[in-house]
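Listed here are the chains, written in short residue letters.
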Amino acid sequence: MAEGYSRETDVHVHAEESALGKLSADDTRLPTATIYSSLEPCTIRKSRPNSCTELILRSGIRRVVFAWREPDLLVQGCRGAETLAEAGISVLEYGDMATSVQEINGHLLA
Ligand SMILES: [Zn+2]
């Protein structure tokens, strides 16, 4: 349906935000769609009014797959997985892939 990556259109845009921004809010496929993100959707944004978790909830998507929990060094206290699950979203965390995601995002840890 759509792809996105962090900093795709500006230095502050997140991957989920970028991908969702390419879809119409009334796209009838959204309620049956799955969003795949290498990193846990954020719950705190300094540069935007809405977190990626809020955008996902607003989109109507009911299934989220990610690999790497948001590390505290980027934004402290991320609760993306918990917030989505509490809202009834199916959340699948592939923690065994987190190391691979960390490797390709090494610049975030530097
Ligand atoms: Zn985000």
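Note: the structure precedes this text.
Residues numbered from 1 in each chain as written. Predicted model: local features only at pLDDT ≥ 70, side-chain atom pairs only at ≥ 80, totals over all residues. Heavy atoms only, no water.

Peer 1: Explain the coordination of the zinc ion to me, and be specific about the residues and the numbers.
Peer 2: Around the zinc ion, the protein contributes the donor atoms H14 (ND1), C42 (SG) and C52 (SG), at 2.0 to 2.3 Å from the metal centre. Within one chain, the residues serving as donors to the zinc ion are arranged as H-x27-C-x9-C. Placement of C42 in the loop between β1 (34–39) and α2 (52–59) and of C52 in helix α2 is noted, with a sequence separation of ten residues between them. C52 shares its class with C42; the two are buried. (Donors = N, O, S within 2.8 Å, 3.2 Å for Na, K, Ca; no water. Helix = DSSP H or I, 4+ residues; strand = E, 2+ residues; numbered from the N terminus. Buried < 20%, exposed > 50% of the residue type's maximum accessible area, 1.4 Å probe, protein only.)

Peer 1: Describe the sheet that holds β1, with residues and values.
Peer 2: Strand pairing within a sheet occurs via backbone hydrogen bonds; the two strands may be parallel or antiparallel. Here we have three strands laid out as an open sheet, ordered β1-β2-β3, and parallel in their pairing. One side of each edge strand has no neighbouring strand; the edge strands of this open sheet are β1 and β3 (90–93). Strand-to-strand twist in this sheet, taken as the mean axis angle between neighbours without regard to direction, amounts to 20 degrees. As paired elements, strand β2 (residues 63–68) and β3 share four bridges and run parallel to each other. In the strand pairing of β3, F66 is matched with E93. (Pairing = 2+ DSSP bridges. Axes fitted to C-alpha atoms, helices over the stretch in contact; angles between N-to-C directions.)

Peer 1: Account for α2, naming residues and giving values.
Peer 2: What α2 keeps buried is the set C52, T53, L55, I56 and S59. Buried residues of α2, viewed axially, fall in a sector of 160 degrees; they line one side. Packing partners of the buried residues in α2 comprise α1 (15–20), β1, β2 and α3 (80–86). One or two positions beyond α2, positive phi appears at G60, with a value near 95 degrees. (Arc of directions from axis to C-beta. Contact = heavy atoms within 4.5 Å.)

Peer 1: Break down the environment of E3 for me, with residues and values.
Peer 2: Structurally, the position occupied by E3 is in the segment before α1. For the pair E3 and L92, spaced 89 residues apart in the sequence, the C-alpha separation amounts to 19 Å. When sequence neighbours within four positions are dropped, the list of residues in contact with E3 reads E8, A19 and K22.

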